[in-house]
Amino acid sequence: MPLLINGERIDLTRLTGGVIRAHPHLEEKAKLLRSQPTQIVEPKGLLYVQQREFAVTTPNDGSVSILGSDDATTCHLIVLRHTGSGATCLTHCDGSDTEAEVSLIMSSVKSFSNTTGYGRLEVHLVGGFNDDRQLSQKLTNQLLRAFDLQPDDVHLVTFCVTELNDREEKDIHFPIIYGIAVNVKTAEIFPATFPEKGPDEDLRSAHVLTGARLTNIYDAKTEQLHIGPYFWRPFPHVDFWLDQDDQQILQNLSTSPLAEPPHFVSHIRSTLTFLKAHPFPSHSLFPDRKPRIYKKNEEGLWELVCSDKI
């Protein structure tokens, strides 16, 4: 069954602008989302999702109340929710394997939902901008097509992507919203930024930089965060990259050098340093091939309960 807007199948032969003109309420909803102030979300009760990760939970979760992700430039942030069960997924998608990723998050949300009963599947797409290489537009189109191919009806509710998330300053384009959070209890979605992006921020970033596939990081039944086990080969020319100045790193390791947040280069340097320190994670990080498992403690913060070592 198809991707629907107000109960009607979306016409994928139209360009994005045509879709927006045919459904002006989507533009109004995007405008409303863009106008909201960006909230700073503290770590208590938060599950932060990095690029090429996803997490699914329900309103019954006693540990996690907020799913969030940020630092998206050409990437898109997807919230998929079943209105009956309240099962909610957040993922940070970069276009590496969009069709397979959409199928994966669909099956994950459906595993918590009785789709034959009350409720429906709703999707919210946020991110991207009018970048020079049109990577955002390409990803928007891929996501629309991938959701339209699903066997279930999926209702497009929020569409704040690419040209609807673009601002221009001195002839340079930027995203308006770089990050969002979703409250899994209330279903509220809002622009957000996150002072803490852990746990294991460098380890998870290294997994992405070495070519990871989309990874589910959370078990909502046990309310545990699972990191790894991850394996990669020594990162090529890591010393060369660490010797480069900030501009070279920005130009060569970003999809949108002019639009990155200020901490992009320091984040990449930290990840490269981690990769240099751990060229063989099967030896230094995951010798027993077991994940690092975290649970929320009484303060609502992640606490390591099981690991090999770091």
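Note that this is a predicted model, so its numbers are computed, not measured. (Residues numbered from 1 in each chain as written. Predicted model: local features only at pLDDT ≥ 70, side-chain atom pairs only at ≥ 80, totals over all residues. Heavy atoms only, no water.)

Student: Describe the packing of aromatic side chains, with residues and values.
Tutor: Counted according to the given criterion, the structure contains five aromatic pairs. Consider the rings of F231 and F286, whose centres lie 6.3 Å apart with planes at 70 degrees: the pair is edge-to-face. Placement of the pair is F231 in the loop between β17 (224-227) and α6 (238-243) and F286 in the loop between α9 (281-284) and β18 (292-296), with a sequence separation of 55 residues. Residue class for F231 comes out partly exposed when judged on its relative accessible area of 42%. Residue F286 is classed as buried on the basis of its relative accessible area, which comes to 0%. Ring centres of F240 and W241 lie 5.2 Å apart, and the angle between their planes is 75 degrees; this geometry places the pair in the edge-to-face category. Connected via pairs of aromatic rings, a cluster forms that spans Y230, F231 and F286. (Phe/Tyr/Trp six-rings, centres within 6.5 Å; stacked < 30°, edge-to-face > 60°. Helix = DSSP H or I, 4+ residues; strand = E, 2+ residues; numbered from the N terminus. Buried < 20%, exposed > 50% of the residue type's maximum accessible area, 1.4 Å probe, protein only.)

Student: Account for the pairing of β17, naming residues and giving values.
Tutor: A regular strand places its side chains on the two faces of the sheet in alternate fashion. With two bridges joining them, strand β16 (residues 218-219) and β17 adopt antiparallel strand pairing. Looking at the pairing, Y218 lines up with L225 of β17. From the end of β16 to the start of β17, which pair antiparallel, there are four residues, and E223 there has a positive phi angle of about 55 degrees. Both β17 and β18 contribute to a ladder of four bridges, which runs antiparallel. Looking across to β18, one finds that Q224 is bridged to K295. (Pairing = 2+ DSSP bridges.)

Student: Break down the packing of helix α7 (residues 246-253) against helix α8 (residues 264-277) for me, with residues and values.
Tutor: Interaxial distance between α7 and α8 falls to 10 Å at its minimum, and their mutual angle equals 85 degrees. The pairing of α7 with α8 is recorded here as roughly perpendicular in orientation. Contacts between α7 and α8 involve D246, I249, L250 and L253 on the former and, on the latter, F264, V265, I268, R269 and L272. In terms of residue class, the contact of α7 with α8 is made up of seven nonpolar, no polar and two charged. (Axes fitted to C-alpha atoms, helices over the stretch in contact; angles between N-to-C directions. Parallel < 35°, antiparallel > 145°, perpendicular 65-115°, else oblique. Contact = heavy atoms within 4.5 Å. Nonpolar A, V, L, I, M, F, W, Y, C, P; charged D, E, K, R; others polar.)

Student: So what about the sheet that holds β16? Which residues, and what values?
Tutor: What the four strands build is an open sheet, ordered β16-β17-β18-β19; its pairing is antiparallel. Only two strands of the sheet have a single partner each, and these edge strands are β16 and β19 (302-306). When β18 meets β19, the two strands line up antiparallel, connected through four bridges. From the neighbouring strand, I293 faces β19, where its bridge partner is C306.

It is worth stressing that arrangement in space is one thing and function is another; only the former is reported here.
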